[in-house]
Amino acid sequence: MTILVLGASSQIGRCLLPRLHAAGHDVLAVSRQAHEVGEAGERMRWIVGRLPDAMPAELPALTGIVSYGPLLPFAQWLDRASFAGTPRIVATSSMSAQTKRDSEVPAERAIAQTLRDGEAALAEACHRRGLRWNVLRPTLVYGAGLDRSLTPIARRAARLRVFPLPAGRGLRQPVHADDVAQASVAALRHDAPSGHVLAIGGGERLSAAAMFARVRASLPVATLPLPIPRVLLPLGQRLAPSLRGPLARLEQDLVADNAELIGLLGVEPRPFHPDARCWGMAAR
C-alpha cells in the first residue's frame, strides 16, 4: 500500500509519517526541497514537487493521497494527475472556513471563502475521478512547534520572560497535530466512510484566557504574567490593526463538534495539556 503525502514537512505531516510507517505503508513524501531518506529507509521516499504544476509527471499505483497544503491547488492537480489505482483522498481545510465567515476583517472573510471554495473544488474533482474522499477541518493546531498561533506567543514570552494574558471568555478547543494525523490514517482505511467534511477539535473546551494560562504554565522558564483586561482590547485593535481579528474573537467561541468525527472514524482527540516540547523547547 503506497500513500502519497503532500505537506509532509508540515506540523501534521511530521506526525503522520511515523504513523504510516508503523502501519506498514510505503510512503512517497512530496517536498519543495530534496530530503534524505531517513529512518524509514526504503519504505519511505522523498520526491521533489510543488502544487499544482510542478509535480512528478508519473506516479506509481497509489492507495491513498494525503494533502496538508492549500486545497485549491491540490484539487487542480488531482483533476488532471496521472496515477494508477483509485486512491482514497484525505485533505485538511480549517475551521476558519466557518469561524471567519462573518469576520469584520475583509481579509479574513476572503480566507474563509477560499477555504470553502477549495473544499468544493476537491469534492468535485474526486467526484469526476470516482475517488473516495474526506476533508478534515481542524481548530487551532499545536504540538510540533511549527504553528503560527500559540508557538510564537510561547517562544516570545520565554525569551522576554513576560507573558501577556488577555482576558477572553470565548471558548477554545486546540487540537494536537498528532490527533489530526491519527484522524487522517483512520480516514484512509478502505472501510472508512466517504464524502464528509469533518470538524476536528481538541478533547477539551476552555476559555481563551485559560488556554493562554496553560501555555504559560507549560514553559520551561518562569515568566511574569501581564494581565490585559477586557476594557483594553478595543484599544489594542486600534493600535495594532494586524491583531484586530484575533482580539475581536476573544469573546467568541471557536470550537468544533467532534461527534461526527468520533462516530465515523473512532478518533477522540486529547485534552489540552501542553508541555514545552509542543513549542519546540526542551522540557524542564
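The structure we're discussing is the one just above.
Owing to the predicted nature of the structure, the values given are computational and were not obtained by experimental measurement. Going along each chain's sequence as written, the residues are numbered from 1 onward. The predicted origin of the model limits local features to residues at a pLDDT of at least 70 and limits the giving and counting of side-chain atom pairs to 80 or more, whereas totals for whole chains, interfaces and linings rest on all residues. Each side-chain value is derived from all of the structure's non-hydrogen atoms; neither hydrogens nor water enter the calculation.

### Focus on the packing of aromatic side chains
Each aromatic ring pair is specified by the distance between its two centres and by the angle formed by the two planes. Centre distance within 6.5 Å is the pairing criterion for rings of Phe, Tyr and Trp, where only the six-membered ring of Trp is used; planes under 30 degrees apart are then read as stacked, over 60 as edge-to-face, and the remainder as tilted. The tally for this structure, following the rule as stated, stands at four aromatic pairs. Centroid distance Phe74 to Trp77: 6.2 Å. Interplanar angle 25 degrees. Geometry classified as stacked. Of this pair, Phe74 and Trp77 both sit in helix H2 (residues 71–80), three residues apart, which is roughly one turn of the helix. In this pair, the class of Phe74 matches that of Trp77, namely buried. Summarising the aromatic geometry, the rings of Tyr142 and Trp279 are spaced 6.1 Å apart at their centres and angled 40 degrees between planes, so their arrangement reads as tilted. Of the two residues, Tyr142 is situated in strand E7 (residues 141–142) and Trp279 in the segment after helix H10 (259–265); the sequence distance between them amounts to 137 residues. Exposure class is identical for Tyr142 and Trp279. Each is buried. Connected via pairs of aromatic rings, a cluster forms that spans Phe74, Trp77 and Phe83. Strands here are runs of E lasting at least two residues and helices are runs of H or I lasting at least four, both read from the DSSP assignment and numbered beginning at the N terminus. Three exposure classes are used, based on accessible area relative to the maximum for each residue type with a 1.4 Å probe and protein chains only: buried under 20%, partly exposed in between, and exposed over 50%.

### Some words on the side chain of Lys100
Position of Lys100 relative to the elements: it lies in the loop between helix H3 (96–99) and helix H4 (106–129). The buried charged residue Lys100 lacks any salt bridge partner; its closest oppositely charged side chain belongs to Glu108, at an N-O distance of 4.5 Å. None of His or the chain ends enter the tally, which takes Lys and Arg as positive and Asp and Glu as negative. Here a salt bridge means any side-chain nitrogen of Lys or Arg lying within 4 Å of a carboxyl oxygen belonging to Asp or Glu.

### A word on the pattern of salt bridges
Under the counting rule described, the total for this entry stands at 13 salt bridges. The salt bridge involving Asp79 is made with Arg128; its shortest N-O contact spans 2.9 Å. Of this pair, Asp79 sits in helix H2 while Arg128 sits in helix H4, and the two are 49 residues apart along the sequence. Its relative accessible area of 34% is what places Asp79 among the partly exposed residues. You can call Arg128 partly exposed: its relative accessible area is 49%. Residue Arg214 pairs with Glu204 through a salt bridge whose shortest N-O separation is 2.8 Å. Here the residue Arg214 occupies a position in helix H7 (residues 208–218), and Glu204 occupies one in the loop between strand E11 (196–200) and strand E12 (206–207), the gap between them amounting to 10 residues. Here Arg214 falls in the partly exposed class, since its relative accessible area comes to 27%. Because the salt bridges share partners, they merge into one network encompassing Arg19, Asp178, Asp179 and Arg270.

### Re the sheet that holds strand E1 (residues 2–6)
Spatially, seven strands are ordered E3-E2-E1-E4-E5-E6-E11 in an open sheet, and the strand pairing comes out parallel. In this open sheet, the two strands that pair with only one neighbour each are strand E3 (44–48) and E11. Strand-to-strand twist of the sheet, defined as the mean angle between neighbouring strand axes without regard to direction, takes the value 20 degrees. Relative to strand E6 (residues 133–138), strand E5 (residues 88–92) runs parallel, the two being bridged by four bridges. Each bridged residue has a counterpart across the sheet, and for Ala91 the counterpart in E6 is Val135. Pairing between strands is defined by DSSP: at least two bridges between them are needed. Lines fitted to the C-alpha atoms define the axes, with helices restricted to the stretch that makes contact. Angles between their N-to-C directions range from 0 to 180 degrees.

### Side note on H4
Here the expected length of a helix is defined as 1.5 Å per residue gap, with one fewer gap than residues. Compared with the 34 Å implied by 1.5 Å per residue over 24 residues, the 35 Å span of H4 between its first and last C-alpha is a close match. Those residues of H4 lying buried are Glu108, Ala112, Leu115, Arg116, Gly118, Glu119, Leu122, Ala125 and Cys126. Packed against the buried residues of H4 are H2, E5, H3, E6, E11 and helix H9 (244–248). Positive backbone phi, approximately 70 degrees, marks Gly130, located one or two places after H4. Contacts between residues were defined by any pair of non-hydrogen atoms, one from each residue, lying within 4.5 Å.

### Overview of the environment of Ser93
Relative to the assigned elements, Ser93 resides in the loop between E5 and H3. Once the C-alpha coordinates of Ser93 and Gly118 are considered, the two residues, 25 residues apart in sequence, prove to be 8.1 Å apart. Leaving out residues up to four positions away in the same chain, Ser93 has contacts with Leu71, Leu115, Glu119, Val135, Leu136, Arg137 and Pro138.

### Structural notes on the side chain of Gln11
Tracing the backbone shows Gln11 in helix H1 (residues 11–22). Gln11 gets classed as buried once you look at its relative accessible area, which sits at 14%. If sequence neighbours within four positions are ignored, Gln11 has contacts with Val141, Tyr142, Ala144, Leu146, Asp147 and Ala177.

### Quick notes on the packing of H1 against helix H6 (residues 177–188)
One way to put it is that H1 packs onto H6 with a least axis distance of 8 Å and a crossing angle of 50 degrees. Considered as vectors, H1 and H6 are oriented oblique to each other. In the packing of H1 onto H6, the handedness of the crossing is right-handed. Two secondary-structure elements touch here, H1 through Gln11, Ile12, Cys15, Leu16, Arg19 and Leu20 and H6 through Ala177, Asp178, Val180, Ala181, Gln182, Ser184, Val185 and Leu188. Just so you know how the angles are binned, under 35 degrees is roughly parallel, over 145 roughly antiparallel, 65 to 115 roughly perpendicular, and the rest oblique. Left-handed describes a crossing whose near helix is turned anticlockwise from the far helix by less than a right angle; the clockwise case is right-handed.

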